[in-house]
Number of protein chains: 2
Amino acid sequence: MGSFGYRAWLQPAKTQLGFLPKLTGHRCFAFEEFAYGLESLFGKKPGDDGDYAISLEIDKGLPWEAYTLRGDLAGLRIAGGSEKGLLYGAYGLLARLCLGEPVETLNILEKPTVAHRVLNHWDNADGTIERGYAGKSIFFQGGRIGYDLPRLKDYARLLASIGINEISVNNVNVYPDSAKLITEEGLPDLAKVAEVFRPFGIRLIISVHFDSPVILGGLPTADPADPAVAKYWADAAKRVYQYIPDLAGFLMKADSEFRSGPAALGRTQDEGANIIARALAPFGGRIYWRCFIYNCKQDWRDTTTDRPKAAYNEFFPLDGKFDDNVILQVKHGPSDFQVREPNSPLLGAMTQTHQGLEFQITQEYTGQQKDLYATAVQWEEIFDTPVTDACMTRDLAGREVTAIVAVANTGTDANWTGHLLAQANLYAFGRMAWNPAQTAEQLTRDWVALTFGTDPAVKEPISAMLLESRWVYEKYNAPLGLGWMVNINHHYGPSPEGYEYMKWGTYHRATHTAIGVDRTTHGTEFTAQYHQYVRDLYESKKTCPEKLLLFFHRLPYTYKLKNGQTLLQYIYDTHFEGVEDVQRFITIWDSLQDKIPPEAHTSVQERLQLQLANAQEWRDVINNYFYRLTGIPDEKGRKVYG
Amino acid sequence: MGSFGYRAWLQPAKTQLGFLPKLTGHRCFAFEEFAYGLESLFGKKPGDDGDYAISLEIDKGLPWEAYTLRGDLAGLRIAGGSEKGLLYGAYGLLARLCLGEPVETLNILEKPTVAHRVLNHWDNADGTIERGYAGKSIFFQGGRIGYDLPRLKDYARLLASIGINEISVNNVNVYPDSAKLITEEGLPDLAKVAEVFRPFGIRLIISVHFDSPVILGGLPTADPADPAVAKYWADAAKRVYQYIPDLAGFLMKADSEFRSGPAALGRTQDEGANIIARALAPFGGRIYWRCFIYNCKQDWRDTTTDRPKAAYNEFFPLDGKFDDNVILQVKHGPSDFQVREPNSPLLGAMTQTHQGLEFQITQEYTGQQKDLYATAVQWEEIFDTPVTDACMTRDLAGREVTAIVAVANTGTDANWTGHLLAQANLYAFGRMAWNPAQTAEQLTRDWVALTFGTDPAVKEPISAMLLESRWVYEKYNAPLGLGWMVNINHHYGPSPEGYEYMKWGTYHRATHTAIGVDRTTHGTEFTAQYHQYVRDLYESKKTCPEKLLLFFHRLPYTYKLKNGQTLLQYIYDTHFEGVEDVQRFITIWDSLQDKIPPEAHTSVQERLQLQLANAQEWRDVINNYFYRLTGIPDEKGRKVYG
């Protein structure tokens, strides 16, 4: 199974199993996986000579993906609502055994809150990965499906072990090669991938091109109102399901960032989505329809158009018009996976429409797997954000939000994620998508313990670093919810005005006296898209969370924060602190040298040095930028380059 | 010979020839070309029934590339110092005939001031052109030499007709495919290109990779001190000259922008250049060694390192150490082909070293053949710049400056240069390289007349537009010699802080009160690299040319220019004017609709619209940037976006 990093959270247990297992019950894939897990994690092949019986059984009274674990001195029973529930039960028990939990007193019921726990890969047919920071594609090589079969199976196990049950393998930006995945040319190979993932309870999704009827079907238009287009999609669905009968469905990025879509043809998003939904419905398939629609050709002079308003404006009026097998896939924030932004006002606003909440595990704006950044901390904050006075975002899960989706951070790097500690983000995603009530702290601690062992001298400092990492990264990044002060295109490192005059609608409009965009009802009126309770919160500088202050308000640099600090001094302070924090991380990590496998220790050490250089660059550029603009020095007399 | 644009300045004459030519004298390629020219330009096939005798003769008393044209009522004599001089004489006479000059009174001696009049193509083996804005490569396709033979010959004629006598075909950034041009794999095809250009008196140059001994020769190092490396280059030269006996030599970009070179191996530039020069010397070849060396990984925090100082620092101490067949190729300015920068202090400083003065015809920073920009105007200014109190840059031509080189602006676009009017830049380059005393005004008028005819109603307005175009472009660009306020990488359009925190050493360091870099002896001491006379000129704000003010001085926005205007108001004014000027250009061009072939008229019209959009973007971004920084409004109350 390869090296330390490759095994991720399925490391050989650091503790001994206190018994010899004897397996009984329902023989199925879960049974095999459990036996395989016992052997590969504990070096124990279960057999008839075991002294502790573990039985696997189906319990039709449970939801199909749910399981129970019930142990006593005589033995333990894994019951699943189906073979799939049983599989999750098997992985669940193995993890608890690795964490050293005593079997005799286990009494667990686990059931997923969210039906669809989805990973989107942004992999291109040529093997590159858009926004990928961990090598090449696991799924594609040289223009077509291509993979290392044992690795693919190991990947499926990793994903299944954390409850992920759907994956798209090709980029939402569908190019000609991957467009063909729904044709006779692409399907035979893709069906083989589906075969690998099927036993693990993972169904494939195919990202499709809106213009498929034209570029593949030879039709003159992709207009959803054209009966020939409807027929094209119906035929395509039929063909696809012949090869992959359990396909979860299609994923579509339409009318977004230069891509075609219904709006470009004078149609509405529901018309575009429903025509495909109806093609998929007979086969039980769904269409995931992304809501990332905005004017990517904005004129920076135009101060009335406000990009964060775009998705709500486009989709909210359509609530109730989407077929039941359409899931609108909404990015968590109204901008684009920034370090700090409010939640999308679409979340929870559409009560008649299935929604998928989209996260980004791959660290596009959050350090690109060079910088440490525990995404789970951010997700927990997102779930902890109110939708109304009576509903938190977390409460939407399993209601309007029927899918939780994330862009994958994995590739062919030996350790899957480039930065070894970025494995924590994939792990936490799976478990948090299963149950958003789980805390970042618990999931982080579980991941650290499964990966590095339960020794508190290792577990505590690494967990603490991870849990602090989001705030540290935020400290040295664009301040107070501004976002976008990044180098264009590749999005790593600072460029305070990099996007200021571009067409992407991302402006902070800093002058020598003030900065930020007034998005209140006195400004762009973005706040009006929220429920009254949330609107009031953001509307006032006094109640707006300070970390979002410049997202919602335009303020002078001399504005006083709650602690009496000026806004400018806050910027200086956090940027100096961010670098000091990274230096502290390095000290902590260095101190763990004897407790971490050398290869793993060195690889993280190298990344921390890259992070330090990045943090210093951010600190110096951002501080320099604001010093140049304002002429106001740091109150504490630290070095601000002039 | 194809369409209007394709024929460039070799258009059929708009006027009739007043006689029937009868050709006599020395039968050679010049003779054929002259006859071909008479037929293709005037529709007259010369024959024995002609009524006016034109004789072609060799006159050994003339320099070999020189020619005389002497006419009277009885006939006209073209005399050349060689067959090559005769060829130039033939083209010279054809042009004068097209311009309507009376043959009977012609009495002309033309000889080139500069021996090497060189075009560098930055063409890659895959057919792309670095900084190319006129289609694909004329020389390469799909990883190797590939061309349309008739077109290649037409290109050779175009170049020869303006006196260009050397060309490199592959990019100075040599990649693996084009590195092979000096091997048995590449030479047979390249030799065929040489064959096409040979009769036109044009010799090839090959851009070579400094690491050729390693990547092609299999040696462990490219260290010029290693005898095996010397032997590699000697063998390579021998091989190359077997295929192309008249090769002009090699061209090298070493130790520049991530490319290997002698400095990277602890050697000096003369060691690197001489080892190759000695390999080429037995065959009469030269090495063109580029001086574009600077720290491209500068830390923006470092205010002592000043990129414009780099080339002089590197090369000046080596004066006298270069072999006689080394030509140091120096970009005209110390930055990088910016719209406005002073001349390189290297020019004329090295009295013991051959120098090539490098221009850029391709409009990398000057509008990318979307915006109108007559490069000749800039070149004339460059030649008009003093080197000492007793020597202008122009005076160096034919002395230290033995080559004038330019990066080509041509490609497979039907009209060669993308923007039809950009043909004027190629034309002017050839003629100005031949004789730098020629004025931009004369060359522009000649080009317009050859291209569009001598009708003053056409010639005057187009010439005026062209002659004004540099200043118009400069008006809406980065002001006062700052340069570099461009979008990164592609270099089109404004980005005021695009390069401000990057590693390229290009900073204006604008704050809310002041801008510019003090490069005087009180600052980075760049001015100390100039002769005392020039140094004094730039050293003082009072004597420094105002258009270069912010290149040499750091000044407050409230600084008063000679006309009493503040620096900031100058920026506002010029940026508003630039757009108005482009609008005026459009009006002028529109008025010529009936006088220009429709296809040509439309194509220029479209480019002018692109230019207008670009000028507006520059105006609004630059004005907005400075308004945000300073908070000082335009005195005239025009719209500055805030």
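Right, let's walk through the structure included here. Residue numbers run consecutively from 1 along every chain, following the written order of its sequence. By the order in which they are written, chains take letters starting at A while ligands take numbers starting at 1. With the structure being a predicted model, the display of local features is reserved for residues of pLDDT at least 70 and the display and counting of side-chain atom pairs for 80 or more, all residues being used for whole-chain, interface and lining totals. With hydrogens and water excluded, all non-hydrogen atoms of the structure serve as input to the side-chain values.

## Focus: the overall build of chain A
Using the following cut-off: A run of DSSP states H or I qualifies as a helix once it reaches four residues; a run of E qualifies as a strand once it reaches two. Both are numbered from the N-terminal end. We compute the radius of gyration from the C-alpha atoms alone; for a globule the expected value is 2.2 Å times N to the 0.38, where N is the number of residues. The cut-offs for exposure are 20% and 50% of the maximum accessible area for each residue type, with area from a 1.4 Å probe on protein chains only; residues under the lower value are buried, those over the upper are exposed, and the others partly exposed.
Helices and strands together make up the secondary structure of chain A, namely 19 helices and 19 strands. Expected size for 642 residues packed as a compact globule is a radius of gyration near 26 Å; at 25 Å, chain A falls within 12% of this value. Principal-axis analysis of the C-alpha atoms gives chain A an extent of 80 × 65 × 50 Å. In chain A, which comprises 642 residues, the proportion classed as buried is 64%.

## Focus: the pairing of strand 3 (residues 67-72) of chain A
The condition that has to hold: Pairing between two strands is assigned when DSSP locates at least 2 bridges connecting them.
Sheet analysis places strand 3 of chain A next to strand 5 (residues 107-110) of chain A, joined by four bridges and oriented antiparallel. Paired with R70 of chain A across the bridge in strand 5 of chain A is N107 of chain A.

## Side note on the sheet that holds strand 9 (residues 166-170) of chain B
As a reminder of what qualifies: Whenever a helix is involved, its axis is fitted only over the stretch in contact; in every case the axis is a line through C-alpha atoms, and angles between N-to-C directions fall within 0 to 180 degrees.
The sheet built from eight strands closes into a barrel, its strands ordered 6-9-10-11-12-13-14-17 (chain B) with parallel pairing. Averaged over all adjacent pairs, the angle separating strand axes in this sheet is 25°, with direction ignored.

## As for the packing of helix 11 (residues 375-383) of chain A against helix 13 (residues 423-434) of chain A
All names here are of chain A. Put simply, the rule is: When an angle is under 35 degrees it counts as roughly parallel; over 145 it counts as roughly antiparallel; between 65 and 115 it counts as roughly perpendicular; any other value is oblique. Note on definitions: a residue-residue contact is assigned when non-hydrogen atoms from the two residues lie within 4.5 Å. Residue polarity follows a fixed list, in which Ala, Val, Leu, Ile, Met, Phe, Trp, Tyr, Cys and Pro are nonpolar, Asp, Glu, Lys and Arg are charged, and the others, Gly among them, are polar.
At their nearest, the axes of helix 11 and helix 13 sit 9 Å apart, and the two run at 30° to each other. When the axis of helix 11 is compared with that of helix 13, the two are roughly parallel. Residue-level contacts link T375, A376, W379, E380 and F383 of helix 11 to N425, A428, F429 and M432 of helix 13. The residue makeup of the contact of helix 11 with helix 13, split by class, is six nonpolar, two polar and one charged.

## Quick look at the packing of aromatic side chains
To describe a pair of aromatic rings, one takes the distance between the centres and the angle between the planes. For clarity, the threshold we go by: Each pair of aromatic rings taken from Phe, Tyr and Trp, with Trp reduced to its six-membered ring, is defined by centres within 6.5 Å and is described as stacked if the planes are under 30 degrees apart, edge-to-face if over 60, and tilted in the remaining cases. Both a distance and an angle decide whether a charge sits over a ring: NZ of Lys or CZ of Arg must be within 6 Å of the ring centre and within 35 degrees of the ring normal.
Tallied over the full model, the rule gives 72 aromatic pairs over all chains. An aromatic cluster is present here, built from Y6, F139, Y155, F197 and W416 of chain A joined pairwise through their rings. A cation sits over an aromatic face here: R259 of chain A above Y175 of chain A, 5.8 Å from the ring centre. Positioned above the aromatic ring of Y492 of chain B is the side chain of K370 of chain B, whose terminal nitrogen or guanidinium carbon lies 4.3 Å from the ring centre.

## Comments concerning the environment of K44 of chain B
All names here are of chain B. Mapped onto the elements, K44 comes out in the loop between helix 2 (29-42) and strand 2 (52-58). Taking relative accessible area as the criterion, K44 reaches 18% and is therefore assigned buried. Each C-alpha atom of the pair K44 and F19 lies 9.6 Å from the other, and the pair is 25 residues apart in sequence. When near neighbours in sequence (up to four residues on either side) are disregarded, K44 contacts L17, F19, L20, P21, L38 and E39.

## Some words on the relation of the copies chain B and chain A
Put simply, the rule reads: Here the copies are matched by least squares. The fit uses the C-alpha atoms of residues with pLDDT of at least 70 in both.
For the pair chain B and chain A, the best superposition has an RMSD of 0.0 Å and corresponds to a rotation of 180° with a translation of 0.0 Å parallel to the axis. On this basis, the relationship between the two copies can be described by a two-fold rotation axis. Taken together, the interface assignments show that 100% of the residues at the interface of chain B recur at the interface of chain A, consistent with an identical surface on both copies.

## A few points about the sheet that holds strand 1 (residues 21-25) of chain A
Residue and element names in this part refer to chain A. Taken in spatial order, the five strands of this open sheet run 1-2-4-3-5, and their pairing is mixed. Edge positions in the open sheet fall to strand 1 and strand 5, since each of these has one partner strand only. Within the sheet, the average angular offset between the axes of one strand and its neighbour, ignoring direction, is 15°. On the sheet, helix 2 (residues 29-42) packs against strand 1, strand 2 (52-58) and strand 4 (75-80) and is oriented at approximately 175° with respect to strand 1.

## Comments concerning the packing of helix 8 (residues 227-243) of chain B against helix 9 (residues 269-280) of chain B
All names here are of chain B. The criterion, for reference: For any pair of crossing helices, the crossing counts as left-handed if the nearer helix is rotated counterclockwise from the farther one by less than a right angle, and right-handed if it is rotated clockwise.
It is at 8 Å that the axes of helix 8 and helix 9 come closest, and there the two elements cross at 40°. Regarding the angle of helix 8 to helix 9, the classification is oblique. For the element pair helix 8 and helix 9, the recorded crossing hand is right-handed. Facing A230, W233, A234, A237 and Y241 of helix 8, the residues of helix 9 in contact are I275, I276, A279 and L280. Partitioned by chemical class, the residues of the contact of helix 8 with helix 9 number nine nonpolar, no polar and no charged.

## A short note on unusual backbone geometry
Although it is not a glycine, W484 of chain A adopts a positive phi angle of roughly 65°. Mapping W484 of chain A onto the fold places it in the loop between helix 15 (456-476) and strand 18 (514-515). Even without being glycine, Q368 of chain B reaches a positive phi, approximately 50°. Topologically, Q368 of chain B is positioned in the loop between strand 14 (354-360) and helix 11 (375-383). What makes Q368 of chain B buried here is its relative accessible area of 7%.

## Concerning the environment of D211 of chain B
Residues and elements named next belong to chain B. Mapped onto the elements of the fold, D211 is located in the loop between strand 10 (203-208) and helix 7 (212-215). Along the sequence, D211 and G18 sit 193 residues apart, while their C-alpha atoms lie 59 Å from each other. In this structure D211 touches L216, A222 and S260, once residues within four positions along its chain are discounted.

## A closer look at helix 8 (residues 227-243) of chain A
Residue and element names in this part refer to chain A. The condition that has to hold: Expected helix span is computed as 1.5 Å times (number of residues minus one). Contacts described as polar in this section are N or O atom pairs within 3.5 Å, which, within protein, must combine one atom able to donate a hydrogen with one able to accept it, while residues neighboring in sequence count only if both atoms come from side chains.
The end-to-end C-alpha distance of helix 8, which contains 17 residues, comes to 25 Å, matching closely the 24 Å that a straight helix rising 1.5 Å per residue would cover. Looking at helix 8, one finds that the buried residues are V229, Y232, W233, A236, A237, R239, V240 and Y241. Residues of helix 8 that are buried in the fold lie against helix 6 (187-197), strand 10 (203-208), helix 7 (212-215), strand 11 (249-252) and helix 9 (269-280). The N-terminus of helix 8 is capped by D226, whose side-chain oxygen sits 2.7 Å from the backbone nitrogen of A228.

## Focus: the interface of chain B and chain A
One frequent convention defines the size of an interface as the accessible area lost when the parts assemble. Cut-off, in case you're wondering: By buried area we mean the combined loss of accessible area, with a 1.4 Å probe, across both parts when two parts are placed together. For salt bridges, the criterion is a side-chain nitrogen of Lys or Arg within 4 Å of an Asp or Glu carboxyl oxygen.
Counting residues at the interface gives 22 residues for chain B and 22 residues for chain A. Between chain B and chain A, a total of about 2,200 Å² is buried, with carbon and sulfur atoms accounting for 51% of that surface. Summed over the three residues of chain B that lose the most area to chain A, namely R301, Y501 and R628 of chain B, the buried surface amounts to 35% of that side. Linking chain B to chain A there are six salt bridges. With a shortest N-O distance of 2.5 Å, R301 of chain A and D620 of chain B are connected by a salt bridge. Here the side of chain B that touches chain A is built from residues that sort into nine nonpolar, six polar and seven charged.

## Examining the environment of L87 of chain A
Residue and element names in this part refer to chain A. With respect to the helices, strands and loops of the structure, L87 is situated in helix 3 (residues 83-98). For L87, a relative accessible area of 3% puts it in the buried group. Along the backbone, L87 and I275 are 188 residues apart, and their C-alpha atoms lie at a distance of 35 Å. Here L87 is in contact with F29, A30, E33, P199 and F200, once residues within four sequence places are set aside.

## Describing the pattern of salt bridges
Here the structure, examined in full by the defined rule, presents 80 salt bridges over all chains. For R267 of chain B, the salt bridge goes to D223 of chain B, with nearest N and O atoms at 2.8 Å. Placement of the pair is R267 of chain B in the loop between strand 11 (249-252) and helix 9 and D223 of chain B in the loop between helix 7 and helix 8, with a sequence separation of 44 residues. A relative accessible area of 29% places R267 of chain B in the partly exposed class. Judged by relative accessible area, which is 13%, D223 of chain B ranks as buried. Each of D299 and R301 of chain A together with E617, R619 and D620 of chain B takes part in one network of salt bridges that share partners.

## A few points about the side chain of T630 of chain A
Relative to the helices and strands, T630 of chain A resides in helix 19 (residues 598-630). Residue class for T630 of chain A comes out buried when judged on its relative accessible area of 8%. For T630 of chain A, the side chain forms a polar contact with the main-chain nitrogen of I632 of chain A, separated by 3.1 Å. Sequence-distant contacts of T630 of chain A, that is, excluding residues within four places in its chain, are made with H512, Y557, L568 and Y572 of chain A together with H512 of chain B.

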